[in-house]
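Here is how the chains run, residue by residue.
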Amino acid sequence: MAQPVVVVTGASSGIGEALARRLARDRHQLVLVARRTERLEALAAELADRHAVTAHVIATDLLQPGAPTALAEEIERRDLQVDWLINNAGFGTAGRFDRMPVARELDEIRLNVKAPVELTGRILPGMVRRGRGVVMHIASVAGYGPTPYSSTYGATKAFLIAWSEAMVVELEGTGVNVVCVCPGFTRTEFQEKASIDASAVPSFAWQSAEMVADEAVRSSDRSGVVVNGVLNNVGAVLMRLAPRSMLARATASALRGKLG
Amino acid sequence: MAEEIALVTGASSGIGEALARRLARDGRNVALVARRADRLERLAAELRGAHKVEAHVIAADLVQPGATAALADEVERRGLVVDWLVNNAGFGTVGRFHELPIARELEEIALNVEALVELTGRFVPGMVSRKRGVVMNVSSVGGYLPSPYMATYTATKAFVLTFSEGIAAELADTGVHVLCVCPGITRTEFQETAHVDTRDIPSMAWQSADEVADEAVRAVGKGAVVVNGVLNRMMVNTLKFVPRSLVTRIAAGLIKPQEA
C-alpha cells in the first residue's frame, strides 16, 4: 500500500518538525512546508534516509495572499492525495496591543487563522469524497481564556478551538477526523520569536515538542480537542470554569510591566 | 477643536443602525460606515434632524483589501477624532464548511476579525493618549457556543470575545473602555442574509436590535463583556458546566442550514 500523505505546515522547527519526524517513523509520506528551504531540505533528506519515506519540500510563505491556495494546487500538481493536513504554522506577538504595529497583528491572524481555514477549505472536500482523512490544527491552551498582552494570539487560538469543536460535529460519519491540539509551554523557538520571558514558568510545566507531537498523533484516531499534558488539562478546565474577567485581570497584573 | 465622533461600522441596518440611533440620541456625533451609501445618507439626514448632531457618511466595503486602512485615513482626512469605535460590521455563513465556497469564508474572517482588529489598532492609540474612549466590539453568544453549520461564524465571534477581553484588561486604567457585546438571536437582516432557519428558536429568546443597542451602551464601563438578555446570560453561564461535545450538539440542533 502507498504511504499515506501528510502535509505539515511550519515543519522547519518546533512542534511541526516533531510531528514530521513522528509521522515519518510511522512510514507516512511527508510534504514539508515552511519558508526556510534549506532546513526543510535537510529534514527531508534525513527522514528519507532514516525511515525510507518519501519527503517532499514545498517552500512558501503562507502569509502571502493566495499562498495557501497555491500550496494546495502545487500538492495536486504533484499528484499527491492528502491523508493528513496538519495546520501547525503560526506565531505569537506579545505586548500591549495599542503599542504593537497593527500590520504584524494582522499577519498573525493571516497565518494562525486564515491560512488554516484556506488550506482546509482546499483539501478537506477531497478527504470527505474519499471517506477518510485527518485535519489537525495546532492551537494552544492560550485559546481557553483571555490572554492579555497576547490578546491577538490567544484570540487566534480561541478561533481554532471553536472552529474545530463545530467541525467535529459537521464531519461525523464522513470518515474524516478533526483534531485540535492545545499544547502549553513547549520548548521551541516560539518564546524567543515572541520575545516572551518564560523564565518564571516552572520547569515541570514544560513539555518537549516530541511529547506534544506523540500525544497529538496518538489522539488522531478520533475527532476532538486534545490538551497536552496533565497540568495543561487541569489548567484548561479551570480556565473554562473560572470567571473570565478574573482570569483576564490576573493575567494582566502578572504581565503588566514585563510586556506593557 | 477637532470633532469627536462615534464611528459605527455596519451602520446601515440591524444592531449597527440601532447603535447609531442610540448614540445620536445621547447627543453624540456619528460617522456611519457601510457599503450602502443611500441607506446611510437617509439615516444620517434623519439623525441630524432628530437629534441635532453631526452625522458623517463614509461608504466602504471593509471586506476589500486595504479598505479598512483607507477608512481610517479618510476619518483622519476629515479631521474627525474617534471617541467611540463601534466594530459592528459582520456577517455569517451557514452550511457544512467543506460544502461552502472558501472565498466567502475568508471574507467572513476579513470582515468579522481583520477589519475589527485593524480599526482597533488604528484608533486605540489616540484614545489612550487622550486618556478616554470606548471600543465596542459586537460579537455574539455564538462566541461562547461553537456551532456546527456556522463553524467559521462562531469561531470569528470566539476570536472577538477573547481578543476584547484581553485588550480590555490591558487597557484597564488608561481611561479607554473596551466592551464586547454578545447578542443572542436578534431581529435583523442577519438571519435572512445567512439563510438560517430559526423556526425552532422560541419567541421569548428573541430581542430587538434597539434592546441590544440600549443594553450595550448602558453596559460601557461596567465590565469587559455584556451578554444581551436574561435568557442568553443564563445560557452562557450554564454552558460552562456542560461538556463541550454536548454544547456543540445542542447548537447543531438549534441552528441548521435551511437546506439540511
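If you're wondering where the values come from, they're calculated on a predicted model, not measured in any experiment.

Colleague: Can you explain the nonpolar core? Please cite residues and give values.
Modeller: If you look at the biggest cluster of nonpolar residues, it comprises 168 residues, and the most contacted ones within it are A:Leu30, A:Leu32, B:Leu7, B:Val30 and B:Leu32. Tallying contributions element by element places helix 4 (residues 102-130) of chain B first for this core, with 13 residues. If we skip the residues at most four places from it in the chain, B:Val30 touches B:Ile5, B:Ala6, B:Val8, B:Ala20, B:Leu23, B:Ala24, B:Leu47, B:Val53 and B:Ala55.

Colleague: Can you break down the sheet that holds strand 6 (residues 176-182) of chain B residue by residue, with the values?
Modeller: One key point about sheets: their strands pair by backbone hydrogen bonds, in either a parallel or an antiparallel sense. Residues and elements named next belong to chain B. Read across the sheet, seven strands follow the order 3-2-1-4-5-6-10 without closing on themselves; strand pairing throughout is parallel. Looking at strand neighbours, the two that pair on one side only are strand 3 (55-59) and strand 10 (225-227), the edges of this open sheet. Averaged over all neighbouring strand pairs, the angle between strand axes comes to 25°, with direction disregarded. Strands strand 1 (3-9), strand 2 (30-34), strand 3, strand 4 (80-87) and strand 5 (133-138) of the sheet are contacted by helix 1 (residues 14-25), whose axis makes an angle of about 160° with strand 1. Relative to strand 6, helix 5 (residues 151-170) is tilted by about 160°, and along the sheet it contacts strand 5, strand 6 and strand 10.

Colleague: A description of the pairing of strand 2 (residues 29-34) of chain A should follow, citing residues and the corresponding values.
Modeller: Residue and element names in this part refer to chain A. Most of strand 2 is tucked away: six of the six residues are buried. Both faces of strand 2 are covered, namely the face carrying Gln29, Val31 and Val33 and the face carrying Leu30, Leu32 and Ala34. Taken together, the five bridges between strand 2 and strand 3 (residues 55-59) define a ladder with parallel strand orientation. Bridging across to strand 3, leucine 32 finds its partner in valine 57. After leaving strand 2, the chain enters helix 2 (residues 37-51) and then returns to the sheet as strand 3, a path that is right-handed.

Colleague: An account of the interface of chain A and chain B is requested, with residue identities and associated values reported.
Modeller: Bring the parts together and some accessible area is lost; that lost area is often taken as the interface size. Opposite the 43 residues of chain A that make contact, chain B presents 43 residues. Contributing elements (two or more residues each) for the side of chain A that touches chain B: helix 4 (102-130), helix 5 (151-170), helix 8 (230-241) and helix 9 (244-255) of chain A. The dominant element in the side of chain A that touches chain B, judged by the number of residues it contributes, is helix 5 of chain A, at 15 residues.

Colleague: Summarise the sheet that holds strand 6 (residues 176-182) of chain A; cite the residues concerned and give the values.
Modeller: Residue and element names in this part refer to chain A. Here we have seven strands laid out as an open sheet, ordered 3-2-1-4-5-6-9, and parallel in their pairing. Whereas interior strands pair on both sides, the edge strands pair on one side only; in this sheet they are strand 3 and strand 9 (224-227). Pairwise comparison of adjacent strand axes, ignoring direction, gives a mean angle of 15° for this sheet.

Colleague: Just give me the short version of the environment of B:Gln207, but keep the residues and values in it.
Modeller: All names here are of chain B. Locating glutamine 207 in the fold gives a position in strand 9 (residues 207-208). Along the chain, glutamine 207 and leucine 85 lie 122 residues apart, while their C-alpha atoms are 23 Å from each other. Setting aside its immediate chain neighbours within four residues, glutamine 207 contacts Pro183, Gly184, Thr186, Val212, Asn228 and Gly229.

Colleague: Now, about unusual backbone geometry: what can you tell me, with residues and values included?
Modeller: In the Ramachandran plot, A:Ala52 falls in the positive-phi region, its phi being about 55° despite a non-glycine side chain. Summarising the element assignment, A:Ala52 is placed in the loop between helix 2 and strand 3. In this structure, B:Asp173 is a non-glycine residue whose phi angle is positive, near 75°. Counting through the fold element by element, B:Asp173 comes out in the loop between helix 5 and strand 6. Assessed through the 9 C-beta atoms surrounding it within 10 Å, B:Asp173 is described here as exposed.

Conventions we followed
- In this convention, every chain numbers its residues from 1, walking through the sequence in written order.
- Note on labels: chains are lettered from A, ligands numbered from 1, in written order.
- The model is predicted, so local features are restricted to residues of pLDDT at least 70 and side-chain atom pairs to those at 80 or more, both for listing and for counting; the totals for chains, interfaces and linings are taken over all residues.
- Note on definitions: a nonpolar core is a set of buried residues drawn from Ala, Val, Leu, Ile, Met, Phe, Trp, Tyr and Cys, linked by C-beta atoms within 7 Å.
- Counting other C-beta atoms within 10 Å of a residue's own tells you its class, since 20 or more makes it buried, 12 or fewer makes it exposed, and anything in between is partly exposed; those C-beta atoms are placed from the backbone.
- Numbering of helices and strands runs from the N terminus; a helix is a DSSP stretch of H or I covering at least four residues, while a strand is a stretch of E covering at least two.
- By definition, residues are in contact whenever their C-beta atoms, placed on the basis of the backbone, come within 7 Å of each other.
- Here, a strand pair is defined by DSSP locating no fewer than two bridges between the strands.
- Lines fitted to the C-alpha atoms define the axes, with helices restricted to the stretch that makes contact. Angles between their N-to-C directions range from 0 to 180 degrees.
- By definition, the crossover connecting two strands over a helix is right-handed if that path, from the first strand to the second, turns clockwise as seen with the strands pointing away from the viewer.

These figures capture arrangement, not role.
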